[in-house]
Each structure stands twice: as C-alpha cells, then as structure tokens.
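# Chain and residue survey
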Amino acid sequence: MTGGERVLNIVGAGLAGALLALLLARRGLKVTLHERRPDPRQSRPERGRSINLALAARGLRALEAAGILGEVQPLLIPMRGRRVHEVNGASALLPYGQREHEVIYSVSRAHLNRVLIDAAARHGGVQVHFNRVCLGADLGADELRWRDAASGAPGASALTPTIGTDGAGSAVRTSLSAAGAVRVTEDWLDHDYKELNIPPAPDGAHALEREALHIWPRGGFMLIALPNTDGSFTATLFLPRAGPVSFAALATPADVQALFAREFPDAAARMPQLLAEFAQNPQGQLGTVHTLPWHVTGRVLLLGDAAHAIVPFHGQGMNAAFEDCVELAELAGSEPQWPEVFARFEALRRPNTEAIAQMALENYTEMRDTVRDAGFVRRKAIAMALERHFPQRFIPRYSMVMFHPEIPYAEALRRGAIQARILEELDAGDAREPDLARAEALIRMRL
C-alpha cells in the first residue's frame, strides 16, 4: 500500500495547516484537516495571538504556488521600511531595500486564515472538521486521538500518516515527546509581549505613516506598530519579564502611564484606550522550539511552529512555515512514500530552520538597540552601495532573507557573516562612499 492510498491527517487548520492541505489536495491527495477551534470564518479570532503578521517573498511564493495569491492581495499593506521613533518625537525611515518590489506586507492573521480555510474547504480533496481537540498521537495503537469540543465525545482516526501543524504548543509534539519518540527543547526569552491598539485618526485615516513598520527602540525593550486595513495599527510592547523596566514593574495603571509618557510619548498620545487594553490583554511568552527528530518514520511529521517555532523579530515565522509547506508538497508529489518523504523533508529543512531561528534572535537586538547606532546606519548604507555596485555578489543579509526566496536561510546566514566582516573592514567611520576597488577585491576573494 502506498502512502497516497490513505487519507492524510493534518492537525491544526491555522495558516500552515490550511495552506498545506490545499497544496497537497491540488496534487491529488485526500486530506482530513482537524481543528480544535470553531470555524474561524464564523467566530471572533482568539485573543492573545498576534493580530497581524509580516508577509515576505517566501510566503508570497507559497501563496502563489497554492493559486490563492490573488485572493490574499487585497488584505496586504506594503511596509517599505522601519520608521524609527526617538523619545523626543523625531523619526526617520530606514528602507528595507532599494528596489520598488523590496517591501514586506502587513497582513491580518485572522483574515489570511479565513482565506486559506475557505480555499482548502472548497477543494474536493479536503475535509475540514472544526471543534476537534487533538489529544495526541497514540503510536502503539496507530491512532490519532481527539475529543469533540461541543459534545465532549472522544474520537479517533487512523494515525498513519499524520502531519502536526498545531503550532508552538503542539499537542501532537507533546504526545510524541511523552512517548519518547522525539526530544524537545523550549528556549524561552526573558522578555514577554503585550498587544495594544492605535486607532484610526478622526477622519478614518492611519494616525501614523501607513506604509511603514513603526518602531520605538529603547535599548533593552521596544514598542512596534504594524498597519491594518481598517486604519488602525497593532502595537506590540516587548519588555523584560522582571527588572527595573519590565512587566513585573508595571504593577498599577499609573506605572503603565508613566512608562509610556517617558519612553513612547508620541505613541501614547494616539492610544486613548491604553490603560484598559493593557489591563485586559494577555501577556504572551517568546521562545524558540527545538525538536529532534521531526518525524516518526512515515507515520507522523511535525511542521512549522510545531517543529521549530521561533521568536518573531525577523518576521519569518509564518514565511518559514509556508516554505515548509511548499517543500513538503513538492517532495510528496501525487504518490508519496511517506517514510522517504518525511526523512528527506527534515534533512532539507532543518539547516534552514535552525539558521532563521538564530537570525530571528539576532534581529531582536538589532531592532531594540542597534538600529539607533550611528555605526549600524553607516554600515547599512555601505551595504546598500555594495549591492548597487555588485548586485550579483553582495546582497545584504536582511534582503537575502526577506526578498530572495531562492537563497536558503542557511546560505543567507553563512554569506551574511562573511559580508559583516567585509563591512567592518570598509567602514571608515564617516559617511563617505566605500573604497570600491578595495571592496571589489574583498568581495571577489571571500564571496
């Protein structure tokens, strides 16, 4: 019996699960999609999950492969760079790239998920079951166990094959870990986050520049804001969990008000519901999940955040998961041999997901601190100049990650380290153009 003759279970109809179901069904496979939530097309989105996300070239390519990019495009707001806000109210835009198409897009998680679920549910090869709470994979009985959220009745499906796309808190991964089939390490940051809102201006327009990711970097902490299509911004406060400036130190509304008045006065002036939202919105954790291995022969595979959740500071969690989906669908084809497919998938993807996990952590330091440093700004300008003069050889690391899906994450990390050393050697400590003859020699020798 080939893997293609059995119905494939996908646990979790979030962004990755819904996209994967559609990609595999388009290849002729039969898919059952299990989701613990009610149908999100008919209910309010969960509180506490990030409201909007950054969609970049890797994610766009995946949506195009699934044939639904046209349905998603009306949801997208281009962000051309980081608008960096100082305490005194001054701000400056640092462009992400230097070509017209080098932008990233703010997109509503809930709206995107609804489009993906709609597309998957329309396909004859996909059955979607909502209110199915996954209880885990029973390897001994070869069953996927679940409970109906409405009635409480237990249920089970044939386990083999099953793909867990049920997020960073994956029930599939937890059950595999409990059975000793995988080892899991969760590296939590000592920083948490809380989401807030900047409403539209009185005339309905965006209260801040619309086509930018706004950032208020303050060294050990920061506030960011991404635009929404309704004229609002989703603002996210990242703070240490404990310490002098931390969530623990914000014990009263007065403490919250004092922090925002001192550190983010221009944002606070646009947040009339700040204190109420701060009190009622949940405080989320940030961390990296490492799982080894991701699969149990051809029976179960973990994908996306369920296998390798990362911190959000490079805007690549969704994009990396979407890239997972495309890679797996291409390996599967129309008649997959799941043991070989799962093993090959992990071998190909693991180096890249480990690379983006490292780069995401490094980008937090850049966003909250380094972005204000004159040397950082100077070296970024040098990098842009080198890309203009040597476009086939020198591409800034950020651009490789965000705008070049043909360059694997692991290669972006490797080349980025070499390029960082070249930039240090070329940085003369002023705003002059780099020595192009010396730059060309270094680039040809090292890249």
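Figured I'd write up the structure that's included with this text.

Conventions and cut-offs
- Residues numbered from 1 in each chain as written.
- Predicted model: local features only at pLDDT ≥ 70, side-chain atom pairs only at ≥ 80, totals over all residues.
- Heavy atoms only, no water.
- Helix = DSSP H or I, 4+ residues; strand = E, 2+ residues; numbered from the N terminus.
- Rg over C-alpha atoms; globule rule 2.2 N^0.38 Å.
- Buried < 20%, exposed > 50% of the residue type's maximum accessible area, 1.4 Å probe, protein only.
- Contact = heavy atoms within 4.5 Å.
- Areas by Shrake-Rupley, 256 points an atom, 1.4 Å probe, with all protein chains shown as cover.
- Pairing = 2+ DSSP bridges.
- Phe/Tyr/Trp six-rings, centres within 6.5 Å; stacked < 30°, edge-to-face > 60°.
- Lys NZ or Arg CZ within 6 Å of the ring centre and 35° of its normal.
- Axes fitted to C-alpha atoms, helices over the stretch in contact; angles between N-to-C directions.
- Parallel < 35°, antiparallel > 145°, perpendicular 65-115°, else oblique.
- Left-handed = near helix turned anticlockwise from the far one by under 90°.
- Nonpolar A, V, L, I, M, F, W, Y, C, P; charged D, E, K, R; others polar.
- Expected span 1.5 Å × (residues − 1).
- Polar contact = N/O pair within 3.5 Å; in protein donor to acceptor, adjacent residues only side chain to side chain.
- Salt bridge = Lys/Arg side-chain N within 4 Å of Asp/Glu carboxyl O.
- Arc of directions from axis to C-beta.

Before going further, it helps to spend a moment on the overall build of the protein chain. Along the backbone of the protein chain there are 15 helices and 19 strands. Since a compact globule built from 447 residues should have a radius of gyration of about 22 Å, the 23 Å found for the protein chain is in line with a globular shape. By principal-axis analysis of the C-alpha atoms, the protein chain measures approximately 65 × 60 × 40 Å. Residues classed as buried in the protein chain amount to 54% of the 447 residues present. Summarising the internal contacts of the protein chain: among those between residues at least 6 apart in sequence, 71% fall at separations of at least 24. For the protein chain, the accessible surface area stands at approximately 18700 Å², while carbon and sulfur atoms represent 51% of it.

This part covers the pairing of strand β10 (residues 143–148). With 6 bridges connecting them, strand β9 (residues 132–138) and β10 associate as antiparallel partners. Paired with G136 across the two strands is R145, which belongs to β10. In sequence, β9 turns back onto β10 through a hairpin of 4 residues, with D142 there showing a positive phi of about 55°. Sheet topology places β10 next to strand β11 (residues 154–158); 5 bridges connect them, and they run antiparallel. Looking at β11, one finds that W146 is bridged to G155.

Turning our attention to the packing of aromatic side chains. Think of a pair of aromatic rings as described by two things: how far the centres are apart, and how the planes are tilted against each other in angle. Under the defined criterion, the tally for this structure stands at 11 aromatic pairs. Ring geometry for Y193 against F238: centres 6.3 Å apart, planes inclined by 40°, an arrangement best described as tilted. Here Y193 is found in strand β13 (residues 183–198), whereas its partner F238 is found in strand β16 (residues 233–240), with 45 residues between them in sequence. Both residues of the pair, Y193 and F238, belong to the buried class. Of the aromatic side chains, those joined through ring pairs into one cluster are Y193, F238, F313 and Y364. Taking the ring centre of Y409 as reference, the NZ or CZ of R58 above it sits at 4.2 Å. Directly above the aromatic system of W146 lies the positively charged group of R132, at a separation of 3.7 Å from the ring centroid.

A word on the sheet that holds strand β6 (residues 91–95). With respect to topology, 7 strands assemble into an open sheet ordered β6-β5-β14-β15-β16-β13-β17, the strand pairing being mixed. The open sheet is flanked by β6 and β17 (283–292), the only strands paired with a single partner. Taken pair by pair, the neighbouring strands of this sheet meet at an average axis angle of 25°, ignoring direction. Direction of pairing for strand β5 (residues 81–85) relative to strand β14 (residues 213–217): parallel, over a ladder of 3 bridges. Residue pairing for β14: R83 is matched across the bridge by H214.

Bringing the packing of helix α2 (residues 57–65) against helix α10 (residues 317–332) into the picture now. Two packed helices can be described by the angle between their axes and the distance between those axes. Packing of α2 against α10 leaves a shortest axis separation of 8 Å and a crossing angle of 40°. Here α2 is positioned oblique relative to α10, judged by the angle of their axes. As for the relative orientation of α2 and α10, their crossing is left-handed in sense. Residues R58, G59, R61, A62, L63 and A65 of α2 touch α10, and the partners they reach there are N319, F322, E323 and V326. Its residues assigned to classes, the contact of α2 with α10 shows 5 nonpolar, 2 polar and 3 charged.

When the terminal C-alpha atoms of helix α4 (residues 109–122) are compared, their 20 Å separation across 14 residues agrees well with the 20 Å that a helix rising 1.5 Å per residue should span. Taken together, the buried positions of α4 are occupied by R109, A110, L112, N113, V115, L116, I117, A119 and A120. Between the side-chain oxygen at the start of α4 and the backbone nitrogen of A110 there is a gap of 3.4 Å, and the oxygen is on S108.

Turning our eyes to something else, we now look at the pairing of strand β3 (residues 52–55). Burial of the side chains of β3 extends over both faces: N52 and A54 are buried on one face and L53 and L55 on the other. Summarising the sheet, β3 and strand β7 (residues 104–108) pair through 4 bridges and their orientation is antiparallel. By the bridge assignment for β7, L53 is matched with V107.

The next subject is the pattern of salt bridges. Counting across every chain of the model gives 31 salt bridges. For the salt bridge of E71 with R122, the shortest nitrogen-to-oxygen distance reads 3.0 Å. Of this pair, E71 sits in helix α3 (residues 69–72) while R122 sits in helix α4, placing them 51 residues apart in sequence. Residue classification places R122 among the exposed positions, given a relative accessible area of 54%. In this structure, E211 and R80 form a salt bridge, with 2.9 Å as the shortest nitrogen-oxygen distance. Here E211, found in the loop between β13 and β14, pairs with R80, found in the loop between β4 (77–79) and β5; they are 131 residues apart in sequence, far enough to count as distant. Note on R80: relative accessible area 31%, which makes it partly exposed. Three or more residues joined by partner-sharing salt bridges are found here, namely R58, E323, D324 and R349.

The next thing to look at is helix α15 (residues 436–446). Residues lying three or four places apart along an α-helix face the same way, a consequence of the helix completing one turn every 3.6 residues. Restricting attention to buried positions, one finds in α15 the residues A439, L442 and I443. Down the axis of α15, the sector holding all buried residues measures 95°, keeping them to one side. Counted as exposed and oriented over 90 degrees from the buried face of α15: A437 and M445.

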